[in-house]
Structure formats: C-alpha cells, structure tokens
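Residues per chain are reported as follows:
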Amino acid sequence: MIAQKSIQEVIESAKIEEVVGDFVGLKRAGVNMKGLCPFHNEKTPSFVVSPNKNIYKCFGCGEAGDPINFVMRLESMTYPEAIRYLAGKYNIELEETQSTQEHQEERKLIDSLYIINQFTQEHYQKNLFETDLGKSVGLSYFKERGYREETVKKFGLGFANAIRNDLTGKAQANGYNIDLLKKLGLTRDNGNDFFFNRVIFSIYNTSGKVVGFAGRILNKTAKAPKYINSPESDVYNKSKILYGLYHAKKAIRQMDECFMVEGYTDVISLNQSGLENVVASSGTSLTVEQIRLVKRFTPNLTILYDGDAAGIKAATRGLDLVLEQDMNVKVVLLPEGEDPDSYMKQVGLTKFREYISENASDFILFKTNLLIEETKKDPIKKAGLVRGILESIARIPDPIKRSVYIKECSSRLEMEENVLINELNKLVTQKVKKERIKRQVQERKAQGGDDPFAGISESDAPPLEGETATDKPTITDEFQEKDIIRILMQAGDYKLTSGITVTQFILMNIEDVVKEFDNSLYKKIIEECYALWKKSKVRGAKEFLKHTDNDVRQMAINVNSSPHQYSENWMDKMGPLRSQKMPDENFEADSLNGLMRFRLKKIVRSIEKKQAELKTASKTDQIILLKVLVKLNAVRNELAEKLKTVVLK
Ligand SMILES: [Zn+2]
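Conventions adopted
Residues numbered from 1 in each chain as written. Predicted model: local features only at pLDDT ≥ 70, side-chain atom pairs only at ≥ 80, totals over all residues. Helix = DSSP H or I, 4+ residues; strand = E, 2+ residues; numbered from the N terminus. Buried ≥ 20, exposed ≤ 12 C-beta atoms within 10 Å, placed from the backbone. Pairing = 2+ DSSP bridges. Expected span 1.5 Å × (residues − 1). Contact = placed C-beta atoms within 7 Å. Axes fitted to C-alpha atoms, helices over the stretch in contact; angles between N-to-C directions. Parallel < 35°, antiparallel > 145°, perpendicular 65-115°, else oblique. Right-handed = clockwise from strand over helix to strand, strands pointing away. pLDDT = per-residue confidence, 0-100. Core = buried A, V, L, I, M, F, W, Y, C linked by C-beta atoms within 7 Å. Nonpolar A, V, L, I, M, F, W, Y, C, P; charged D, E, K, R; others polar.

Participant: Explain the overall build of the protein to me, please; I cannot follow it from the model alone.
Facilitator: When you go through the protein residue by residue, the secondary structure sums to 28 helices and 14 strands. Of all 649 residues assigned to the protein, the portion counted as buried reaches 37%.

Right under this line is the structure:
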C-alpha cells in the first residue's frame, strides 16, 4: 500500500487544470476553465474545471471529481494506479507500506512489461543504426521514405534482425524473464522471436509508453503478410490504441481537428512535414474506443482516403460509429494515384492543407454521392442503398442535423423528402428502443453496482429553502444531517457577522446531538469537526477537498461542485423570489436554515417517539408525556415559523 503521507503529497501537488489538460482542451471561462466533456458526447462545452477548488464537474452528464477521480474514470485506473500515475506526473516518490501480495505482484507485472517493451524498442533501434543488415535494409528503407534521423528516433523505429532469437537471447542475457517476453508476444512458444527481418514501428499509448510493435516485411517475394502486430497483452489493447495519437495529441487540441490516415508510414511522413495532427487506425476498422480517444481532443475528424471506390466503400463502413459519437466527420479523397505521403512530398505542406480544406466533403453527402455513382449502373440496387444512407443519418444524435441531411439527400437522390423522413423515423424509433433496453439493463446492473458517482446528482442537491422536514417523508434524518455536513464543507471557516465561524455556530447549536447522527459517514465527519473545534481548529472547503479519507473527499467534491447544479433548480422553485441570494453566496442564512431544518427534524423525531410511547404508557406517564409533547410541538412550530420567515423575509 502507498503510505498516507505520500497520498497526501499527491493530493496536494496534483493541479486539476494540468491533469485534465493532458486529455481535454481547456479554455478560460472567468475563474474557471471549460472544455468538451471526455465522459459524454457533446458539442458545446459543459465540462468545467475549477483550479480554485481543484475539481472538475460536467453539467451535462454529472461527472465530477478531483484529479484522482479524473484519471481513474478516464483511464479506467484503480485508486492506487491513479495515485501512481499522478506521482509520476509530478515526480513524487511514493513511500510504500505493506501491501497485499496479489496487488504488488500485479503492479510489478505491468511495470515489468513496460520495461521489457522499452528494452525491446532500444534493441530494435540499436539494430537499425548499428548492425550491417539494419543499416543496409532497415535504415535505407526509412531514408528512402525520406525520414530524418530525428524522426526515426521520435517514433521509435527500429529493425528486427534475421537471427531467429536475437531479441529473446539478448533480453535473457540482460536478465529479463522469458515468460514475460512470451506474455508480450515478443517471444514465440518455441523460444524464437516474434519479429525477424522486419522494420519495426513502436506503438505508444496516449501517455507515451510503448505498448506494442508492428513489423513490416521488406522482402517482396516472401509469402508472409506485409505487416504483423505484436499480440494483445496486459498493456496492449488494440481497440483502445490509435497509432500516432501520443505524438499528435497536442497538435490535435491546438488545431481542433484530427486527420486520420491508413498507415503508420503516412502518420510519420505527414508529421515530419509539419502536419502533426494525424493518427492512423492502423488497418483495423475503427472502434468506438478509438473514436472516443480522438474526441477527448477534438470533435472534428477528417479522414484522408486514397485508393479505389471499393476500398473506400469498405473503409466508410466504420464511420457510422463516428456519427454516433456526434463527431463532425469529413472525408477527403486524394488525387488518383496518390497516397498522403506521396502527395505531401509532391506539393508540400501549404498546398496539402489547401487541398484538404477545398476537397473535404461531409461524410454523409460523400457516401450519398458514392452510392449514386454506383446505382447509375444498377437502379434495382437503389432501394437498398438508400437504406444504407438512412442508417447512417439515423445514428446522428442531433435531430436538426438529421433533418438537414434528409433535405440534402432527397434532392441528390431525387426522392420525396417525406418518404425519406418516414423511413428515417422508423430507424430512429428502433434505435431508441434498443438504447432504452440497453439502458435498463445497465441501470439494473448499477443498482447493485459500485459506481461511486451513481445517484449523486439528485440526492446531492441540497434541500430548497422553505422545504421542511415534514414535506419529505424520510425514514432517517440523513437528508438534514447531510445538509449540515454540506454547509460545514462549503463554508466551515466562513466568518458570520457575529464574528464566529459557521462551524462554531453550527456545533454550538447541535453539541447535544453530535452523537446522534444516523449516517456513519456524516457522523464521522461531524465528530471529527467537533474534536477539532474543541482544539479551536476549524476546517474550510479547501481542507475538506484535500482530506485523505476517500469518502470524505468524495463528498467534499460533490458538495463543492454542486452550486451550479442546484442554482437552476433553486431559481425555478423560488419563482418570484429570484432576488434572493443563492445559498452559497449567503452562508449566514444558509447555515441558520440548515441548522433549523436539522433541529426541526430531530424534534419531529422525538415527537414521534413520544407519541409511540404514549400508546403503551401508564396513566401518570401519559400526563408527563403529553406535557413534553406540548412543549416539543411548540418548539417545532416555532422552528417551522422561523424557517418560513427566514425564507420570505
Ligand atoms: Zn459530461
């Protein structure tokens, strides 16, 4: 396990805007920063980062958290993995306490795999520059392609010699475990290397670690496939990797556009020529994960195609997926006989860019034209092809966009708009139905699930002013308890006009019931605050946001990221009272209300208890109970009255 001290150091060092900024393009928006949410599909940014509070919050999908949560969610990391990732980013040396055997081993395994990949890359590169075959075959091939030495090094290019166990032997001589080499697929079961006599392309993940390799054969007469990739492993998941993204991500974010090409070599030559926002799907058809990778940086994807119509048609198949992610997809056909590499070499960067912007056409219209060409020869096919186009359109989440396409397609296909709309509606309905079923299944899973954010949006909204405890039948007092904790977490160190802090004010008034909190988390927090207060210490929002207890920090994140969310709600319900300050701008009234709501709830509870006792009590006890009840009711009414006046003053 990682020592608490180290975790604290990571929490203190990790800046949300820097951590998020590695994945999402952020723009200043007042004191905050904004960008496109990496967790859901959107066109207008609703993903807000607050450097001040060191948290993020998406007002579209509700995702919220601190730097640790962000990497956990985005990169599917566990808590310790996220801590390690951030420690790496901020050069923090982690102190380890005793850890579970299994976990330590898993961690060690992943680290070892990366180390072996690194060794392998260096080995192949050494071969390329230092061995005869590497120089005469590999390096001359790259030079022929026009790659400069710095490019070869930047992209981790190399050469696998003709010796059958060159890598495996050297790795073993250097003390690397052959089982791990096999795990990575670099060594075959028979002890031979996976790659031999091929030029090597390193494949990086988004954060720049080598996860796998691709080898290209140069011997044209060989019967082996032109390219082979090292197999998937614990660190290499092909559907989640886009070739070149690590080197392109910065440019993609800056240009707000991503170009997609087919081959590794195209990515490298375009990058060297100065067109750096380029990635390759590396031959496989696009996956949703790959598209989401791009979407973290930009919603604008332009695909560069070379090749014949049949090839293009096959390639466009994957693009429907892109539409579903609500990306703006454009297609550029390169001049006949040219591929991105050759065309760039021929015309240079400026002309290349010009050609792209002049020839980029919208994907759906591109597809429509392609099909029109085809059906000219075979009109019977037309019906089926129209359906193909409509299926693409049906995947677009935005109905306005859909109707624009329908109009355009109806004129191009020379078909009645209404007919197309009817067909489209059928497809959309089917899709919605399918999604609903899928969602229901997921929801059912989530009910027993472990999503730490499940259900935070609704239950997290603080109660509205004037809403008394009796308005909402709850079994426990959690709602009011939570409200008290929320206030402490938002403004515990805020000084009221009387000169005391919010924490002092609240604790003074609930000292008698501190032990009576129902919810264990709230109880823990209030007792901690109470103990600190007894030592004349008071916590503010910043301290809560840096708490080492994950649950406490999580709650602090939720309450400190919610004002926006509830203010709308608040505005709606307040109606004519809109001039009223927002609760988070008015800590004085807020803490008073919270406190009264809390006390009211506790009193209502005592009343219920006494009433129950009354039923079985003896005559004399009944009289005492009734007296107590009268008093309690008076206090309750007074509180309820006060709550009303505070709200309506
Ligand atoms: Zn979102």
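Participant: Can you walk me through the sheet that holds strand 11 (residues 278-280) in this structure?
Facilitator: The strands making up a sheet are joined through hydrogen bonds of the backbone, oriented either antiparallel or parallel. Reading across from one edge, 11-10-12-13-14 is the order of the 5 strands in this open sheet, with mixed pairing throughout. Each end of this open sheet is capped by a strand with a single partner; those strands are strand 11 and strand 14 (361-362). Of the pairings in the sheet, the one linking strand 10 (residues 258-261) to strand 12 (residues 300-305) comprises 3 bridges and is parallel in character. Of the residues in strand 12, the one forming a bridge with phenylalanine 259 is threonine 302.

Participant: I tried to follow helix 5 (residues 101-130) on my own but got confused; where do I start?
Facilitator: Because each turn of an α-helix spans 3.6 residues, side chains separated by three or four positions end up pointing in the same direction. Between its terminal C-alpha atoms helix 5 stretches 42 Å, which fits the 44 Å expected from 30 residues at 1.5 Å a residue. Buried within helix 5 we find Leu113, Ile116, Asn117, Thr120, His123, Tyr124, Gln125, Asn127 and Leu128. Where helix 5 is buried, its residues meet helix 6 (132-144), strand 6 (158-160), helix 8 (166-173), helix 9 (178-183), strand 7 (198-204) and strand 8 (210-217).

Participant: Honestly, the packing of helix 21 (residues 478-491) against helix 22 (residues 502-510) in this entry has me stumped. Any pointers?
Facilitator: Helix-helix packing is characterised by the crossing angle of the two axes and by the distance between the axes. Where helix 21 meets helix 22, the closest approach of the two axes is 9 Å, and the angle between their N-to-C directions is 155°. Classed by the angle they form, the pair helix 21 and helix 22 counts as roughly antiparallel. Residues Ile484, Ile487, Leu488 and Ala491 of helix 21 touch helix 22, and the partners they reach there are Val502, Thr503 and Ile506.

Participant: Whenever I open this one, the pairing of strand 10 confuses me. Can you help?
Facilitator: Consecutive residues of a regular strand have side chains that alternate between opposite faces of the sheet. Burial along strand 10 is two-sided: Cys258 and Met260 and Phe259 and Val261, pointing in opposite directions, are all buried. Judged from the 3 bridges that link them, strand 10 and strand 11 form a sheet pairing that is parallel. Across the sheet, residue methionine 260 finds its bridge partner in strand 11, namely valine 279. Tracing the backbone out of strand 10, into helix 11 (residues 264-272) and back to the parallel element strand 11 gives a crossover that is right-handed.

Participant: Can you help me understand the confidence of the model for the protein in this one?
Facilitator: One rule of thumb: low pLDDT means the predicted coordinates there are not for detailed reading. Overall, the prediction assigns the protein a mean pLDDT of 81, with 86% of residues at 70 or greater. Here helix 20 (residues 456-460) stands out as the least confident element of the protein, with mean pLDDT 31; strand 6 is the most confident, with 97. This model gives residues 448-475 a pLDDT under 50, and the stretch forms 41 contacts once residues within four places in sequence are excluded.

Participant: What should I look at first to understand the nonpolar core in this one?
Facilitator: Soluble, globular proteins show a tendency: their nonpolar side chains are buried together. In terms of nonpolar packing, the biggest core is built from 80 residues, with Ile200, Ile203, Met260, Val267, Val279 and Ile393 touching the most fellow members. Considering every element that reaches this core, the biggest residue donor is strand 7, with 5 residues. For valine 267, the residues in contact, after removing those within four places along its chain, are Tyr243, Gly244, Val261, Val278, Val279 and Ala280. Within the second largest apolar cluster, 59 residues are counted, among which are Ala14, Tyr56, Ala82 and Ile603.

Participant: Sorry if this is basic, but what is going on with the environment of alanine 394 here?
Facilitator: Tracing the chain through its elements places alanine 394 in helix 17 (residues 382-394). With residues near it in sequence (within four places) discarded, alanine 394 still touches Leu424, Leu427, Val428 and Lys431.

Participant: Before we go on, may I ask you to explain the sheet that holds strand 6 in this structure?
Facilitator: The 4 strands lie next to each other as 6-7-8-9, forming an open sheet whose pairing is antiparallel. Edge positions in the sheet fall to strand 6 and strand 9 (227-229), since each of these pairs with one other strand and no more. Neighbour-to-neighbour, the strand axes of this sheet turn through a mean angle of 35°, independent of strand direction. Here strand 6 pairs with strand 7 via 3 bridges, running antiparallel. In the strand pairing of strand 7, glycine 158 is matched with isoleucine 200.

Participant: Whenever I open this one, the packing of helix 16 (residues 363-377) against helix 17 confuses me. Can you help?
Facilitator: As a packed pair, helix 16 and helix 17 sit with axes 10 Å apart at the nearest point and diverge in direction by 175°. Regarding the angle of helix 16 to helix 17, the classification is roughly antiparallel. Residues Ile364, Lys367, Thr368, Leu371, Glu374 and Thr375 of helix 16 touch helix 17, and the partners they reach there are Lys382, Leu385, Gly388, Ile389, Ser392 and Ile393. For the contact of helix 16 with helix 17, the residue count by class is 5 nonpolar, 4 polar and 3 charged.

Participant: How should I be thinking about the environment of valine 211 in this particular structure?
Facilitator: Relative to the elements of secondary structure, valine 211 occurs in strand 8. Overall, the presence of 23 C-beta atoms within 10 Å leaves valine 211 in the buried class. Each C-alpha atom of the pair valine 211 and leucine 113 lies 8.5 Å from the other, and the pair is 98 residues apart in sequence. Excluding its chain neighbours within four sequence positions, the residues that come into contact with valine 211 are Asn117, Ile203, Tyr204, Asn205, Val235, Tyr236 and Ile241.

Participant: Sorry, what's going on with helix 25 (residues 550-561) here?
Facilitator: Over its 12 residues, helix 25 extends 16 Å from the first C-alpha to the last, a length consistent with the 16 Å expected when each residue adds 1.5 Å. A large share of helix 25 lies buried, amounting to 9 of its 12 residues. Of the residues making up helix 25, those classed as buried are Arg553, Gln554, Met555, Ala556, Ile557, Asn558, Val559, Asn560 and Ser561.

Participant: Hey, could you run me through the environment of aspartate 189 in this one?
Facilitator: Within the secondary structure, aspartate 189 sits in the loop between helix 9 and strand 7. Classification of aspartate 189 by C-beta neighbours within 10 Å gives exposed; the count is 6. Taking the C-alpha atoms as reference points, aspartate 189 and aspartate 179, 10 residues apart in sequence, are found 9.4 Å from one another.

Participant: What should I look at first to understand the pairing of strand 4 (residues 55-58) in this one?
Facilitator: Of the two faces of strand 4, the one carrying Ile55 and Lys57 and the one carrying Tyr56 and Cys58 are both buried. As paired elements, strand 3 (residues 47-50) and strand 4 share 4 bridges and run antiparallel to each other. Within strand 4, the residue paired with phenylalanine 47 across the bridge is cysteine 58. Linking strand 3 back to strand 4 in an antiparallel pair, the connection comprises 4 residues, with asparagine 54 at a positive phi of about 60°. Relative to strand 5 (residues 64-65), strand 4 is paired through 2 bridges, and the arrangement is antiparallel. Looking across to strand 5, one finds that tyrosine 56 is bridged to glycine 65. Taken together, strand 4 and the strand that follows it, strand 5, pair antiparallel across an intervening segment of 5 residues, in which glycine 62 is found at a positive phi of about 90°.

Participant: Looking at this structure, how should I read unusual backbone geometry?
Facilitator: Negative phi values dominate among residues other than glycine, just as trans dominates among peptide bonds. With phi around 55°, aspartate 256 is a residue other than glycine that occupies positive phi space. With respect to the helices, strands and loops of the structure, aspartate 256 is situated in the loop between helix 10 (245-255) and strand 10. Look at aspartate 256 and you get partly exposed, because 13 C-beta atoms sit within 10 Å. Phi is positive for glutamate 414, close to 55°, though the residue is something other than glycine. Looking at the element boundaries, glutamate 414 is found in the loop between helix 18 (399-413) and helix 19 (417-447).

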